[in-house]
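Listed below are the residues making up each chain.
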Amino acid sequence: MHRSFDTIAAIATAPGRGGVGIVRVSGPHAAEVARRCLGRLPSPRQALYGPFLDARGEVIDDGIALYFPGPHSYTGEDVLELQGHGGPVVMDLLLGACLEMGCRMARAGEFTERAFLNDRMDLAQAEAVADLIDAGSAAAVRSARRSLEGGFSRQVDLILSALTELRVFVEADLDFSEEELDLLAEGDIQYRIESLLDQLATLTEQARQGNLLREGAHLVIAGRPNAGKSSLLNRLVDREAAIVTAIPGTTRDVLREHLSLDGLPLHLVDTAGLRESDDPVEQEGIRRAWAEIERADLVLLVVDATQGEGEEEGEIRRRLPPRLPVITVYNKLDRLTELPADASDVLFISARTGEGISTLREALKAQLHYSGHPEGLFTARRRHLDALARTRDHVQAANDQLIITRATELVAEELRLAQEALGEITGRVSADDLLGEIFSSFCIGK
Ligand SMILES: Nc1nc2c(ncn2[C@@H]2O[C@H](COP(=O)(O)OP(=O)(O)OP(=O)(O)O)[C@@H](O)[C@H]2O)c(=O)[nH]1
Ligand SMILES: [Mg+2]
């Protein structure tokens, strides 16, 4: 399925100065642009060195041109790449020449969108292109590459075809059975649905890890004033990022730092100590602290170990959002002569000496279910996790219908909805607005 479009052009390299800058052209007029700009059409996939001419035949720059005739190109269309000197004015002149020769400025992500529309890649792969460009760590690069190569899509397709088989089976029953068929008697269906649920659970866990690598986790350090929150932040990022003093109520603003925990991006947030206060500045700080806690993936509740947990911590715990994971750390271990007996489920650390910090780092990874071995992972987005969750819900509902109502039509309908939800990941079934949303977040020229 090859669709025809107008011809688009964009500067594909990052704005600013560089040794080389690339203008990329894609569409039915790419060959004509090449002939006018270079004087001739380069042989497919072979570098041609020469002057680049504008629409009036004036030389703009000298450089290398590459021509990729469709369908074996990035977009599936005829593609021309002009590699000139990477100055912003040179690039603008070159792009301007292409526009004069009949090209239109490409929208963000339009090259990749065309690759998707021309079946050069599926939606999950197209998203992986953007993830690869935005990757914040080597681990994130590897997982994006795995998705781009189709690692994620293949798993989705496997489950999709299992779903199709099941639907064929169930709908055949619908068509051919006179009366309500007892599907339960076909133990096979029950078994197949359960194995589908297993497969979905495994894929969801892999996707969750991939999403964690891509987006990182928001970790909020909270607790009473003077517990040592800012000292802990400084210790974790290994620099004096936050002000530390012996005065309770030192931190007022929200302070953000980034940390890579064996490739897992952590967004650390230090907050104002939580207490009743009459000081309007401190009150605002505390309000912001709670706002951060509401958004957190994980809270580190810091307790001054020399004082232990009191009514204040109890109040903080009661206000924490339900289901938000919390790791409790007792700080100032260096000042304890013996460990309190009542604190079993907590970690002891000293932000001052660094004792217990490596254990804390392990606990963080465990709590976020990060294996620390990103090999085998692929990049995944919230959109994918959402689609997987809906798929699972529908398969689960099919299972329930099978057991409880034994109504074949309802089982069939749930399976159809499951397939639809799963298909969204690779874009087998996608609404136009979804496509617009995905591709508009790309950079220009990609
Ligand atoms: N002995 C000891 N003192 C610590 C430790 N961690 C922090 N402190 C001290 O405790 C005091 C408060 O530390 P901060 O890190 O500012 O505490 P905070 O929780 O950020 O306090 P607020 O910003 O006021 O809410 C400072 O005097 C620190 O030097 C520790 O592990 N051991
Ligand atoms: Mg502080």
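Before reading further, recall that the structure is shown in the block above.
Residues numbered from 1 in each chain as written. Chains lettered and ligands numbered in written order. Predicted model: local features only at pLDDT ≥ 70, side-chain atom pairs only at ≥ 80, totals over all residues. Heavy atoms only, no water.

Peer 1: Even after reading the chapter, I still don't get the site of ligand 1, so can you show me in this structure?
Peer 2: Near ligand 1, the surroundings consist of 23 residues, among which K229, S231, G249, T250 and D334 are the closest. Contacts to ligand 1 include R352, whose side-chain N or O atom sits 3.0 Å from an oxygen atom. Protein chains shield 92% of the accessible area of ligand 1, which is 650 Å² for the free molecule. Comparing atom positions with the cavity grids shows ligand 1 to sit within the largest pocket. Considering each element in turn, the shell around ligand 1 owes the most residues, 3 residues, to helix α8 (residues 229-237). (Near = heavy atom within 4 Å. Polar contact = N/O pair within 3.5 Å; in protein donor to acceptor, adjacent residues only side chain to side chain. Areas by Shrake-Rupley, 256 points an atom, 1.4 Å probe, with all protein chains shown as cover. 1 Å grid on protein atoms, 1.4 Å probe; cavity = no way out; pocket = protein on both sides within 12 Å on 5 of 7 lines; lining within 4 Å. Sits in = over half its atoms within 2 Å of the grid points. Helix = DSSP H or I, 4+ residues; strand = E, 2+ residues; numbered from the N terminus.)

Peer 1: Before we go on, may I ask you to explain the pattern of salt bridges in this structure?
Peer 2: Side chains bearing opposite charge may pair, as long as their charged atoms lie close to each other. For the structure shown, the criterion picks out 38 salt bridges. A salt bridge links E81 to R24; the nearest nitrogen and oxygen atoms lie 3.6 Å apart. With E81 in strand β5 (residues 79-86) and R24 in strand β2 (residues 18-26), this residue pair connects regions lying 57 residues apart in the sequence. In this pair, the class of E81 matches that of R24, namely buried. With a closest N to O distance of 2.9 Å, E413 and R416 form a salt bridge. (Salt bridge = Lys/Arg side-chain N within 4 Å of Asp/Glu carboxyl O. Buried < 20%, exposed > 50% of the residue type's maximum accessible area, 1.4 Å probe, protein only.)

Peer 1: Explain the nonpolar core to me, please; I cannot follow it from the model alone.
Peer 2: Most often, soluble globular proteins keep nonpolar side chains buried together rather than apart. Judged by nonpolar contacts, the single largest core of 31 residues is most densely connected at L232, L266, L300, V329, L360 and L364. Breaking this core down by element, the ones donating at least two residues are α7 (187-215), β7 (217-223), α8, β8 (255-261), β9 (264-270), β10 (298-304), β11 (326-331) and α11 (357-367). A total of 4 residues in this core trace back to one element, the largest contributor, which is α8. Setting aside chain neighbours within four positions, we find L360 in contact with L232, L236, L300, I327, V329, L347 and I349. One finds V170, I193, L388 and L402 within the second-largest nonpolar core, a separate group that totals 29 residues. (Core = buried A, V, L, I, M, F, W, Y, C linked by side-chain atoms within 4.5 Å. Contact = heavy atoms within 4.5 Å.)

Peer 1: Sorry, what's going on with the environment of G228 here?
Peer 2: Its location among the elements puts G228 in the loop between β7 and α8. A relative accessible area of 12% means that G228 is categorised as buried. Residues G228 and A138, 90 residues apart in the sequence, show an inter-C-alpha distance of 32 Å.

Peer 1: So what exactly am I meant to see when it comes to the coordination of the magnesium ion (ligand 2) here?
Peer 2: Each angle at a metal carrying four tetrahedral donors should ideally be 109.5 degrees, and each at a metal carrying six octahedral donors should ideally be 90 or 180 degrees. Every protein donor of the magnesium ion (ligand 2) is listed here as S230 (OG) and T251 (OG1), and their distances to the metal cover 2.0 Å. One end of the pair, S230, is in helix α8; the other, T251, is in the loop between α8 and β8, with 21 residues separating them in the sequence. Accessibility assignment for this pair places S230 and T251 in one class, buried. (Donors = N, O, S within 2.8 Å, 3.2 Å for Na, K, Ca; no water.)

Peer 1: What is the right way to look at the sheet that holds β11 in this model?
Peer 2: Hydrogen bonds between backbone atoms are what pair the strands of a sheet, whose relative direction is either parallel or antiparallel. Taken in spatial order, the 6 strands of this open sheet run β8-β9-β7-β10-β11-β12, and their pairing is mixed. Two strands bound the open sheet, and with one partner strand each, they are β8 and β12 (347-348). Sheet topology note: the β7/β10 ladder contains 5 bridges and is parallel. Considered in β10, the bridge of G223 is made with V302. Taken strand by strand, helix α10 (residues 311-319) contacts β7, β10 and β11, and its axis lies near 170 degrees from that of β10. (Pairing = 2+ DSSP bridges. Axes fitted to C-alpha atoms, helices over the stretch in contact; angles between N-to-C directions.)

Peer 1: Before we go on, may I ask you to explain the packing of α8 against α11 in this structure?
Peer 2: Angle between the axes and distance between the axes: these two values describe a pair of packed helices. Closest axis-to-axis distance for the α8/α11 pair is 11 Å, and the angle between their directions is 85 degrees. It follows that α8 is roughly perpendicular to α11 by the angle criterion. Every residue of α11 that contacts α8 at L232, R235 and L236 is listed here: I357, L360 and R361. In the contact of α8 with α11, the residues fall into 4 nonpolar, no polar and 2 charged. (Parallel < 35°, antiparallel > 145°, perpendicular 65-115°, else oblique. Nonpolar A, V, L, I, M, F, W, Y, C, P; charged D, E, K, R; others polar.)

Peer 1: Before we go on, may I ask you to explain the sheet that holds strand β4 (residues 59-68) in this structure?
Peer 2: A sheet is described by the order of its strands in space; here 6 strands give the open sequence β3-β4-β5-β2-β1-β6, paired in mixed fashion. At either margin of the open sheet sits one strand with a lone partner, and together these are β3 (48-53) and β6 (104-105). Relative to β5, β2 runs antiparallel, the two being bridged by 8 bridges. Residue I22 lies in a different strand from β5, and its bridge partner there is Q83. Of the strands in this sheet, β1 (8-11), β2 and β6 touch helix α3 (residues 110-117), which is tilted by about 135 degrees from β1.

So far we have only geometry, and geometry alone does not tell us how the molecule works.
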